[in-house]
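# Observations on the model geometry
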Amino acid sequence: MKRIFRVLAILILTQVSPYRATVEAQNNRGKTIVESKQQEQKDRPRQPEGTRSVIASSLPHILLILADDLAWSDLGCYGHPWHDTPNLDGLASSGMQFTNAYSPAPICSASRASLLTGKTTARLGFEFVTKNEAGFQSIDQATPLRAPAYQLNLELRHDTIAEHLNPLGYRSEFAGKWHLNAHHGGYLGWSPTHGPQQQGFRQAIEDFGSHPYSWKKQKPPTLQKEGSFAEDSLIKKISHALANRRHDEPNFYMASLYHVHTPVKTTCDWLIDKYQERIPAETPARERRVRYAAFVETLDHHVGQLLQSIRTGKNSTHRETLVIFTSDNGGHPEYTANAPFRGSKWNLYEGGIRVPLLASWPGTISANSTTHRPVVGYDILPTLIDLCSLATDETESTENLDGVSFADTLLSIDRNDLQKSQPATQESTRDIFWHFPYYHPETGYAAAIEEIGIDDFKVSKTHPHSAIRRGDYKLIWFPETDSTELYDVKKDPAESKNLNTTFPQKTDSLKQSLLDYLHRVNARFPLKSR
C-alpha cells in the first residue's frame, strides 16, 4: 500500500520525533494523517459494482479473537491437567492447532501493534506499553542502561489489517481492548485521534464487559448455580454483530478480549468450588491458581458464545468464516504455570512469547490438524492477504511487512500455488525477531528475583534484550553485557542448556543477523545511563 508522501514531507520538515512528542503534538499529527488516509481511500480506483459483489461473495468472513495474557499451556487442547476449555478445545479439533506459535512481544501494547500491522516491534519503534504521557522509565534501582522513551500511540502511518482488507471490500469492526494510544479519559480509554476508527475499523465498541476492570469499587453479586456466568455486555454486543452479518459483504471482526488479564477475580463461586476440589492440595500458588482456573473457564465460555453466534444467527455464517484465536503474550508468572517453558510474560524466554494459536474454517482447513511450523503474530496480516488473493484478482502489497504468510499451511497446499506478493521463504531459514529494550517491572524492580526460572510463581527482573529464532535455534542478546544465550528450543524447550560455547559459529551468525536486522529497521536501543 503506497505511503502518504504529503504527510511524510510535513513530518520531515517539522522534524517531529514520535518518541519525545507530547500527547498533544501526536494528536495534531494524527488528525493530519487521518485526513490523508481518508482521502487516499476515496482516490483508490474502484471496480464496477457487479464485479465487486462477485468478489465479495467469494471472500471469507474473518473473526480474529485475541485473548489477554493467556499462556500456551492454559488450554486443555495444549495439555493442561485441570482447566476446562471445551469451546476452545472444540475450535482446535474443528481446524488446525499450532504448537510453535509466538506473540510478537512479551507485553501487551507492543504485541498488539505488531500483530495489527505485520511489522516487528523494532520496526515500529513500539516495544512497551502505552502510558499517560511521554517520558522515560523510572526504576527503583540503578541500571546500567536507560530504555528508550515511551511510545504513546501506534502511529497512523502504519496500516493495520483493517486498512489492508477494506479495499478488497471488507467491512472491518473492532471491539474490546485497544491499548494502542495514550490513556484517554481513564485507564485504557480510546483516543479520538489514535483509536480503532482512525485505523480502518468502521465500527468499534469500547466496553470492559464483565471483566473486573468494570467493577470499580463494588463487586457484583456472586453466582452459585453451576453453569451460570455473569452477563457480559461486550460479548453480547459482539455476538449480536456477528449474528447479523450479511452474506454479501465480507466482514473482518477483531474481538479483543480482556480475560485473563489481572485482576484475577470472579463472581462465579461455583467455579471456585469446582477448582478447589479439583486442584491438588500441594500445588504451588494454589489459591491464586484456583481463581485463575475460574478465569480461564470464563474466557472459554465467552469464546463459546462468539462461536455460537456465527453458527446459529439468522444469517448463519459458520462455514463461511475463518476463525483465528491467539493470545497477546505468555502467561502471568504469579497465576499460571508456563511449563514446559522457562520464563513468563515480560521476557523473551519461551514462556513469555510462546502462545496458543488455533485456526478453523469448515471445509477449507482440515479438521483435527496440527502443525509444528514456527509462526509469529505479525504473520497473520500477510496470511490474510494471501487467503484473500486466492478468492480475488486483487492483491495488497506486503513489501514493507516483516510477517511471512502461513496460508499454505492452513490450506495444506504448496507455497508456489499461492498468489503471493512475497517471495517464498523456507521455514528452516526464516528468521523471527523480537526486541524488548526495556526493564521490568517498573515498580518493584529492586525486590524482583534475579533468576528467570520455570514455574517459580514470582515476578523476576527483566533486563533489555532481543532475540532471533531460526529453525530450532533461538539466540537471546543482552546489550547490558553484550552477552548471548543460544538454545535448541525443540530439544530444550526449558532453555536450560546454553549452547553458545558449543556452537560458536552459529552463535556469531545468529547474533550478527539479529543486530543487522535491528540496525536495518532503525530499532531503538537502550543507552548508557547518565
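To start, this report covers the structure provided alongside it. Treat the numbers as computed from the prediction; the structure is a model and nothing was measured.

### A closer look at the overall build of the protein chain
A count of helices and strands for the protein chain gives 14 helices and 16 strands. Counting over 530 residues, the protein chain shows a buried share of 61%. Residue pairs at least 24 apart in sequence account for 74% of intrachain contacts in the protein chain once pairs closer than 6 positions are excluded. About 21400 Å² of surface is accessible on the protein chain, with carbon and sulfur atoms providing 49% of the total.

### What about unusual backbone geometry?
A cis amide bond links His259 to the next residue, Val260, at an omega of 15 degrees. Residue position: Val260 is located in the loop between strand S7 (251–256) and helix H9 (269–278). For the bond running from Thr262 to Pro263, omega is 5 degrees, close enough to zero to count as cis. With respect to the secondary-structure elements, Pro263 resides in the loop between S7 and H9. Residues other than glycine seldom take positive phi values, yet His179 does so here, at roughly 55 degrees. Position of His179 relative to the elements: it lies in the loop between strand S5 (171–176) and strand S6 (203–205). In the Ramachandran plot, Asn368 falls in the positive-phi region, its phi being about 55 degrees despite a non-glycine side chain. Inspection of the secondary structure puts Asn368 in the loop between strand S9 (357–360) and strand S10 (369–371).

### So, the sheet that holds S6
Whenever strands of a sheet pair, they do so through backbone hydrogen bonds, lying parallel or antiparallel. Ordered by their spatial adjacency, 8 strands build an open sheet running S6-S5-S7-S1-S8-S9-S2-S10, and the pairing between neighbours is mixed. Two strands bound the open sheet, and with one partner strand each, they are S6 and S10. Each neighbouring strand pair of the sheet contributes to a mean axis angle of 15 degrees, computed without reference to strand direction. One ladder, built from 3 bridges, connects strand S2 (residues 96–98) with S10; its direction is parallel. Across the sheet, residue Gln97 finds its bridge partner in S10, namely Thr370. Each of strand S1 (61–67), S7 and strand S8 (321–327) is contacted by helix H5 (residues 108–117), which is oriented at about 165 degrees to S1, the strand it contacts most.

### As for the pairing of S8
Buried residues dominate S8, accounting for 7 of its 7 residues. The alternating pattern of S8 places Thr321, Val323, Phe325 and Ser327 and Leu322, Ile324 and Thr326 on opposite faces, both of which are buried. Sheet topology note: the S8/S9 ladder contains 4 bridges and is antiparallel. By the bridge assignment, Thr326 is partnered in S9 with Leu357.

### Points about the environment of Gly195
Tracing the sequence through the fold places Gly195 in the loop between S5 and S6. Residue class for Gly195 comes out buried when judged on its relative accessible area of 1%. Between the C-alpha atom of Gly195 and that of Asn153, which follows or precedes it by 42 residues, the distance is 9.1 Å. Those residues in contact with Gly195 that lie beyond four places of it in its chain are Trp178 and Asn181.

### What about the sheet that holds strand S13 (residues 465–470)?
Pairing within the open sheet is antiparallel, and its 4 strands lie in the order S12-S13-S14-S15. At either end of the open sheet lies a strand with only one pairing partner, and these are strand S12 (431–436) and strand S15 (483–488). Sheet twist, expressed as the mean angle between neighbouring strand axes with direction ignored, is 15 degrees. Pairing of S13 with strand S14 (residues 473–478) involves 5 bridges; the strand directions are antiparallel. Within S14, the position partnered with Ile468 by the bridge is Leu475.

### Things to note about the packing of aromatic side chains
Inspection of the entire model under this criterion finds 24 aromatic pairs. A ring pair is formed by Tyr102 and Trp434, whose centres lie 5.1 Å apart and whose planes are at 65 degrees; its orientation type is edge-to-face. Placement of the pair is Tyr102 in strand S3 (residues 101–102) and Trp434 in strand S12, with a sequence separation of 332 residues. Per residue, the accessibility class of Tyr102 equals that of Trp434, and both read buried.

How each quantity is defined
- In every chain, residue numbers begin from 1 and rise along the written sequence.
- Under the rules for a predicted model, residues below a pLDDT of 70 receive no local features and side-chain atom pairs below 80 are neither given nor counted, while totals for whole chains, interfaces and linings still include all residues.
- Note that the side-chain values use all heavy atoms of the structure and ignore hydrogens as well as water.
- Only DSSP runs of H or I covering at least 4 residues are called helices, and only runs of E covering at least 2 are called strands; the numbering of each starts at the N terminus.
- Only protein chains enter the accessibility calculation, which uses a 1.4 Å probe; a residue is then buried when its area is under 20% of its type maximum, exposed when over 50%, and partly exposed in between.
- Note on definitions: a residue-residue contact is assigned when non-hydrogen atoms from the two residues lie within 4.5 Å.
- Note on areas: these come from Shrake-Rupley sampling with a 1.4 Å probe, and a residue is covered only by the protein chains present in the view.
- The pairing criterion for strands is at least two bridges between them, as found by DSSP.
- Simply put, an axis is a line fit to the C-alpha atoms, just over the touching stretch for a helix, and the angle between two N-to-C directions goes from 0 to 180 degrees.
- Any two of the Phe, Tyr and Trp rings considered here, Trp counted by its six-membered ring, make a pair once their centres fall within 6.5 Å; the pair's planes then place it as stacked at under 30 degrees, edge-to-face at over 60, or tilted in between.

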